[in-house]
Amino acid sequence: MLNTLNQLSFDNRFVRELPADPTADNYRRQVTGACYSFVQPTPVRSPQLICAATEVADLINLDHAELKTDLFSQIFSGNKILSGMQPHACCYGGHQFGNWAGQLGDGRAINLGEIKNAQGEYWTLQLKGAGPTPYSRTADGLAVLRSSVREFLCSEAMHHLGVPTTRALSLVLTGEQVRRDMFYDGNPQLEPGAVVCRVAQSFTRFGNFEILSARNDIDVLKQLTNFTIQTDFPHLICSNETITRETYVKWFEEICIRTAKMIAHWMRVGFVHGVMNTDNMSILGLTIDYGPYGWLEGYDPDWTPNTTDAQGRRYRFINQPQVALWNLAQLGNAIYPLVDAVEPLQECLNAYRRTYAEQWQADMANKLGLKDFIEGDAQLIENLYGTLQLTETDMTIFFRLLANVDAQVPLPIKDSELIDVVRLAYYTEPSADTVSAMARWLRDYVIRLQSDFVLYGETHDRRKARMNSHNPKYVLRNYMAQQAIDKATLGDFTEVERLLQLLRNPYDDQPEYDIYFAKRPEWARTKAGCSMLSCSS
Ligand code: AMP
Ligand code: MG
């Protein structure tokens, strides 16, 4: 059954069951003894819908016809509150770039409430950029168009890639101007303001637990943990059983496993989050908070798009698995008072390591079109990644082209001919060394493929189909998002819609969209927003 906006019904478990900040006024403060504060979105001048994702409307059983209405833009810019909504901002802390930062909280995110859909699933609606909250610290609570377009499109792109993520229902212009110093260099500019409505089973982060533990508020820590287990991890509680220390350990183990799987996906598709602070880590193992993220174009394991992290490169591509483990260790420390023993928590961190290693091997086998990951494959992969760095090679294009390698190719072929199959992935003419190294690698690869053909009767078409279902053809390259932003800034929203459509089927050949199966153009290498991003959003 489909609902109109006015028919949406809310069942706000988080608000109902967890302690609220007793102060109702909206001023910046430390909030103790509570999980959230009630706060109203700030009204805006003239909301205008840029784009809405129909699949996300489906999650909340909302009739698609409603997306085009004025009421929809009014609600999802924060101007109107539906009956049953209880707008609130959550209290959390976090480790930022390795240091404890104390209270952070939803500084510009406002949860509207939880919808229970026809399948009995709960979905929380959250506005990002809807004005200040008690957690806004020195900032304005707003979001600009460029970062909102990036969040909206990437949330949906990640979902369609099969990566666990928060979703995005809508992207609305507010009609207001927001002042931002994009590169923190003393050049603030006015930019159009926008609001994204994010949707997830919950937006709870590692930091929601960390802040309570840091303040030694063990009562509320326990309440929030029990609530989280009951609502989002009910399978961990056997019927009639109460929540025990063992339940907390099983819960932490599941968070470790989910996080490992999420990170393995990022590494598979070449995604760099950019700001893996513990306040940006979802307790459900969802990718959350799309800020200065990026996609590897030339394969460079040390790349990060985030200029704010340019010095230490803590959050560079290759570091992500290690950082997630460090973040999990912080969460483990935070819930230690509930478990009161170190060893079981450490065992969970081992489960992270194990799961990540297994998942990485399975993903790599699929990326290369191998039936299984066997002895010797680790070396083959290491050689590949070494070779990819000799001359700048586009990761997405390379793996897509690799599916075209013919396992029956007669190997006494010239090096330069052998590498023709992947030549399009190079940003510049490959050097002689690159040609011979890549040809050497391709010969090893072909021999490896042949063993699967002999042992399992593997066929070219089956292998290619498997590879193509794990190596996306289209990802949201930064320059693509930037082109959509540039057009949207001029009032033309067609490119946002077009990219949303393209990214719905990232693994399929879509001939009508083949201009997007292309390397980053040269102009984008140094353009702001295309290769360099800051946290200013
Ligand atoms: P982020 O780096 O975007 O994850 O943000 C870190 C913290 O700063 C979170 O508590 C955010 O809610 C808060 N924050 C970021 N941008 C703003 C803003 N424009 N206004 C208020 N708070 C913000
Ligand atoms: Mg954040």
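What comes next concerns the included structure.

Reading the values: the criteria
Residues numbered from 1 in each chain as written. Chains lettered and ligands numbered in written order. Predicted model: local features only at pLDDT ≥ 70, side-chain atom pairs only at ≥ 80, totals over all residues. Heavy atoms only, no water. Helix = DSSP H or I, 4+ residues; strand = E, 2+ residues; numbered from the N terminus. Rg over C-alpha atoms; globule rule 2.2 N^0.38 Å. Buried < 20%, exposed > 50% of the residue type's maximum accessible area, 1.4 Å probe, protein only. Contact = heavy atoms within 4.5 Å. Areas by Shrake-Rupley, 256 points an atom, 1.4 Å probe, with all protein chains shown as cover. Lys, Arg positive; Asp, Glu negative; His and termini not counted. Charge placed at Lys NZ, Arg CZ, Asp CG, Glu CD. Near = heavy atom within 4 Å. Polar contact = N/O pair within 3.5 Å; in protein donor to acceptor, adjacent residues only side chain to side chain. Nonpolar A, V, L, I, M, F, W, Y, C, P; charged D, E, K, R; others polar. Pairing = 2+ DSSP bridges. Salt bridge = Lys/Arg side-chain N within 4 Å of Asp/Glu carboxyl O. Donors = N, O, S within 2.8 Å, 3.2 Å for Na, K, Ca; no water. Disulfide = S-S within 2.5 Å. Core = buried A, V, L, I, M, F, W, Y, C linked by side-chain atoms within 4.5 Å. Axes fitted to C-alpha atoms, helices over the stretch in contact; angles between N-to-C directions. Parallel < 35°, antiparallel > 145°, perpendicular 65-115°, else oblique. Left-handed = near helix turned anticlockwise from the far one by under 90°. Phe/Tyr/Trp six-rings, centres within 6.5 Å; stacked < 30°, edge-to-face > 60°.

## Details of the overall build of the protein
Each helix and strand in the protein was counted, giving 16 helices and 11 strands. The C-alpha atoms of the protein give 24 Å as radius of gyration, which agrees with the globular expectation for 537 residues (24 Å, within 12%). Counting over 537 residues, the protein shows a buried share of 59%. The long-range share in the protein, meaning contacts at least 24 apart out of those at least 6 apart in sequence, stands at 72%. When the accessible surface of the protein is totalled, it reaches about 21,000 Å², and 50% of it is carbon and sulfur. Counting 51 positive and 63 negative side-chain charges, the protein places the centres of these two groups 2 Å from one another.

## Description of the site of ligand 1
The immediate surroundings of ligand 1 are formed by 17 residues, with Gly-105, Gly-107, Arg-137, Gly-141 and Asn-280 found nearest. Asn-280 is positioned with one of its side-chain polar atoms (N or O) 3.0 Å from an oxygen atom of ligand 1. Here ligand 1, which alone exposes 480 Å², has 83% of that area covered by the protein. Within the shell around ligand 1, the residues separate by chemical class into four nonpolar, six polar and seven charged.

## Focus on the pairing of strand 9 (residues 189-200)
A large share of strand 9 lies buried, amounting to nine of its 12 residues. In terms of strand pairing, strand 7 (residues 122-128) meets strand 9 through five bridges, oriented antiparallel. Looking across to strand 9, one finds that Leu-127 is bridged to Cys-197. Bridge count between strand 8 (residues 167-180) and strand 9: 10 bridges; the pairing is antiparallel. Bridged to Arg-179 within strand 9 is Leu-190.

## Topic: unusual backbone geometry
For Arg-137, which is not glycine, the phi dihedral falls at a positive 50 degrees. One can find Arg-137 in the loop between strand 7 and helix 4 (145-161). Overall, Arg-137 belongs to the partly exposed group, its relative accessible area being 49%. The phi dihedral of Asp-289 falls on the positive side, at around 65 degrees, and the residue is not glycine. Structurally, Asp-289 can be placed in the loop between strand 10 (271-272) and strand 11 (294-295).

## Some points on the pattern of salt bridges
Applying the stated rule across the entire model yields 33 salt bridges. Where Glu-522 meets Arg-525, a salt bridge forms, and the shortest distance between an N and an O atom there is 2.8 Å.

## Brief notes about helix 5 (residues 206-214)
Burial analysis of helix 5 places eight of its nine residues in the buried class, which makes it a mostly covered element. For helix 5, the full list of buried residues reads Phe-206, Gly-207, Asn-208, Phe-209, Glu-210, Ile-211, Leu-212 and Ser-213. Residues of helix 5 that are buried make contact with strand 3 (88-90), strand 4 (93-96), strand 5 (99-103), helix 6 (218-232), helix 7 (245-269) and helix 8 (320-339). Note on helix 5: the residue one or two positions beyond its end, Asn-216, has a positive phi of about 60 degrees.

## A word on the coordination of the magnesium ion (ligand 2)
With distances of 2.0 to 2.2 Å, the protein atoms coordinating the magnesium ion (ligand 2) are Asn-280 (OD1) and Asp-289 (OD). For Asp-289, a relative accessible area of 14% puts it in the buried group.

## What about the environment of Leu-402?
Relative to the helices and strands, Leu-402 is located in helix 11 (residues 395-402). Its relative accessible area of 0% is what places Leu-402 among the buried residues. Sequence-distant contacts of Leu-402, defined by excluding residues within four places in its chain, comprise Leu-368, Val-422, Trp-441, Leu-442, Tyr-445, Arg-463 and Met-467.

## Some details on the state of the cysteines
Applying the stated criterion across every chain, the model contains zero disulfides. Cysteine Cys-35 remains unbridged, with the sulfur of Cys-90 as its closest cysteine sulfur at 7.7 Å. The closest cysteine sulfur to the non-disulfide-bonded Cys-51 is located on Cys-197, 13 Å from its own sulfur.

## Some points on the nonpolar core
Core analysis: the largest hydrophobic core is formed by 169 residues, its most contacted members being Phe-76, Leu-368 and Leu-402. Broken down by element, this core gets its largest block of residues, 13 residues, from helix 7.

## With respect to the packing of helix 5 against helix 8
Interaxial distance between helix 5 and helix 8 falls to 9 Å at its minimum, and their mutual angle equals 45 degrees. Between helix 5 and helix 8, the interaxial angle falls into the category oblique. Considering only the axes of helix 5 and helix 8, their crossing is left-handed. Taking contact as the criterion, the partners of Phe-206, Phe-209, Glu-210 and Ser-213 in helix 5 are, on helix 8, Asn-327, Leu-328, Gln-330, Leu-331, Asn-333, Ala-334 and Pro-337. For the contact of helix 5 with helix 8, a count of residues per class yields six nonpolar, four polar and one charged.

## Some words on the environment of Thr-124
In this structure, Thr-124 sits in strand 7. Separated by 112 residues in the primary sequence, Thr-124 and Asn-12 have C-alpha atoms spaced 8.6 Å apart.

## Some remarks on the packing of aromatic side chains
A complete count under the given rule lists 21 aromatic pairs for this structure. Summarising the aromatic geometry, the rings of Phe-72 and Phe-76 are spaced 4.6 Å apart at their centres and angled 45 degrees between planes, so their arrangement reads as tilted. For the residue pair Phe-72 and Phe-76, the accessibility class agrees, reading buried in each case. Between Phe-97 and Tyr-315, the ring centres sit 5.2 Å apart and the planes meet at 35 degrees, which makes this aromatic pair tilted. Of this pair, Phe-97 sits in the loop between strand 4 and strand 5 while Tyr-315 is found in the loop between strand 11 and helix 8, placing the two residues 218 residues apart along the sequence.

## Considering the pairing of strand 6 (residues 109-116)
Among the eight residues that make up strand 6, seven are buried, leaving the element largely enclosed by the rest of the structure. The pairing of strand 6 with strand 7 spans seven bridges and is classified as antiparallel. Residue pairing across strands places Ile-115 opposite Trp-123, the latter belonging to strand 7. The loop that links strand 6 with its antiparallel partner strand 7 comprises five residues; one of these, Gly-120, has a positive phi angle of about 85 degrees.

## Description of the side chain of Asn-3
Within the element layout of this structure, Asn-3 appears in the segment before helix 1 (13-17). Accessibility expressed as a relative area gives 12% for Asn-3, which makes it buried. Leaving out residues up to four positions away in the same chain, Asn-3 has contacts with Leu-8, Ile-60, Asn-61, Leu-62, Asp-63 and Glu-66.

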